[in-house]
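# Observations on the three-dimensional arrangement
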Amino acid sequence: MKVLVIGGGGREHALAWRLAQAPSVSELHCAPGNPGSASVAKCHLSSDYVVLAESLGIDLTVVGPEAPLVAGVVDKFRAAGRYIVGPTAQNAALEGSKIYSKRFMEKLGIPTARFETVGSPDEARAAFAGFRFPLVLKTDGLAAGKGVVIAQTQAEAEDALTQLTYPLVMEEFLEGEEVSFIALCDGKTAVALEPSQDHKRIFDNDEGPNTGGMGAYSHSGLLTPEQRSHILEAIILPVVHATSFTGFLYAGLMMTASGPSVLEFNVRMGDPETQPLMMRLDCDWAEALMASARGALTGSDLRWKPQPATCVVLASAGYPGVIESHKLITGLDAKFKGEVFHAGTRQTHDGIVTAGGRVLGVTALGDTLQASIHNAYAGVRQIQFDGMQYRKDIGVRGLRRLQ
Ligand code: AMP
Ligand code: GLY
């Protein structure tokens, strides 16, 4: 089949890389893709995706990022009678609006932090009384993982009130370990992907501001089989049944002492969680995606390698704030036991240069989590660009847990 991947980040390069190896794929296209996906697919600049799919005779389209989903790309493809993996615009609001998402969870009885919505700084101050510190403030709309403030004290919360846009969600702070639980859904049922963990803060030891994700790893031991079935039954399937959800449903979970609680729903795969997940996937990805697009998913559609995988993100100086771009990247062709997924890169006459906050995701499998971390950092050490920053402790939390 002919497959189109929409998006141009690290997640989409990883999706395309895995699709390029699927026996059922005869042609692979990306829009817009990036210099990394260009090595496995043909890249197109058109952003009229339906017209592009029609002109290329695409059989199946997969959407990476949230923005086209929120803008209704799935609705447009379905109206044109074309298969696509992703949720409708209405269901994409689960990610596009925190308020919608929190109210929806409340209605369905899905476990999530107690919350209030506030429309102004004055309303927020009045609501402080009902919460303890630390407390969490979240802007309502899409914010690329950066619209969340965890205020340790009332003074910090007061400070944040002047910087955030309204309305916002105020919610209780939850303690525990975070897990990214992603399921592929077909409108009636859902199949869970392997669990993964993301590292959201910019600096080692989870310090500094939140980012889109500085690295991720996946291994089977992150959740017990009982926890996985509980999450599927209590969190994922209620959403699928209530909304006929299609595409990827990503529950960002806090594993609290009283069980898993949803921090957020995303309506797409995670970036960078997709990078280690695609390394672990061990089946024809296009066939599994087509089964979901046709509404015919079965529990046996996804198979995984038992080996863990780790992805280390290399970011530009200044990220997640104001970044420097156009720095020449060296070492991209160095040999190591893994893959370098491109995110913010651009091909120029001089070579491949940086063109975004998160530049590359160096990803590797290993027989153990420790080996996958070792293999990924062996790749990292060969790559260089001016101002390159990365965390040195990706996966270390997982190692501690396994001890
Ligand atoms: P979100 O965009 O809602 O996933 O929030 C981004 C990050 O902020 C999460 O990955 C958590 O690390 C943290 N966070 C969000 N909500 C809470 C909460 N209620 N309690 C503790 N940490 C939170
Ligand atoms: N890595 C977090 C996200 O994709 O939302």
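Treat the numbers as computed from the prediction; the structure is a model and nothing was measured.

The environment of ligand 2 is made up of Asp198, Lys200, Gly212, Tyr250, Asn266, Arg268, Gly270, Asp271, Pro272 and Glu273. Taking Asp271, its main chain carries an N or O atom lying 2.9 Å from an oxygen atom of ligand 2. Across the complex, the protein chains shield 91% of the 200 Å² of accessible surface that ligand 2 would expose by itself. Across the shell around ligand 2, the residue classes tally to two nonpolar, three polar and five charged.

Counted residue by residue, strand E17 (residues 259-266) has eight buried out of eight residues, so it is predominantly covered. As defined by bridge partners, strand E16 (residues 246-256) adjoins E17 across seven bridges and the pair is classed as antiparallel. Bridging from a neighbouring strand, Thr256 pairs with Gly259 of E17. The hairpin turn running from E16 into E17, its antiparallel successor, is two residues long.

Reading across from one edge, E11-E10-E16-E17 is the order of the four strands in this open sheet, with antiparallel pairing throughout. Either end of the sheet is taken by a strand with one partner, and the two such strands are strand E11 (190-192) and E17. Ignoring which end each strand starts from, the neighbouring axes of this sheet average 35° apart. Of the pairings in the sheet, the one linking strand E10 (residues 177-186) to E11 comprises three bridges and is antiparallel in character. The residue of E11 that forms the bridge with Cys185 is Ala190. Where helix H9 (residues 225-243) meets the sheet, its contacts fall on E10, E11, E16 and E17, and the angle it forms with E16 comes to roughly 130°.

Here we come to the site of ligand 1. Close to ligand 1 lie 16 residues, the nearest being Lys138, Glu171, Leu174, Glu178 and Glu264. Lys98 is positioned such that a nitrogen or oxygen atom in its side chain is 3.0 Å from an oxygen atom of ligand 1. One of the backbone nitrogen or oxygen atoms of Leu174 is found 2.8 Å away from a nitrogen atom of ligand 1. For ligand 1, whose free accessible area comes to 460 Å², the fraction covered by protein is 94%. Of all the secondary-structure elements, those providing two or more residues to the shell around ligand 1 are strand E7 (135-139), strand E8 (148-151), strand E9 (168-172) and E17. Across the shell around ligand 1, the residue classes break down as eight nonpolar, one polar and seven charged.

Definitions and cut-offs
- Residues numbered from 1 in each chain as written.
- Chains lettered and ligands numbered in written order.
- Predicted model: local features only at pLDDT ≥ 70, side-chain atom pairs only at ≥ 80, totals over all residues.
- Heavy atoms only, no water.
- Near = heavy atom within 4 Å.
- Polar contact = N/O pair within 3.5 Å; in protein donor to acceptor, adjacent residues only side chain to side chain.
- Areas by Shrake-Rupley, 256 points an atom, 1.4 Å probe, with all protein chains shown as cover.
- Nonpolar A, V, L, I, M, F, W, Y, C, P; charged D, E, K, R; others polar.
- Buried < 20%, exposed > 50% of the residue type's maximum accessible area, 1.4 Å probe, protein only.
- Helix = DSSP H or I, 4+ residues; strand = E, 2+ residues; numbered from the N terminus.
- Pairing = 2+ DSSP bridges.
- Axes fitted to C-alpha atoms, helices over the stretch in contact; angles between N-to-C directions.
- Contact = heavy atoms within 4.5 Å.

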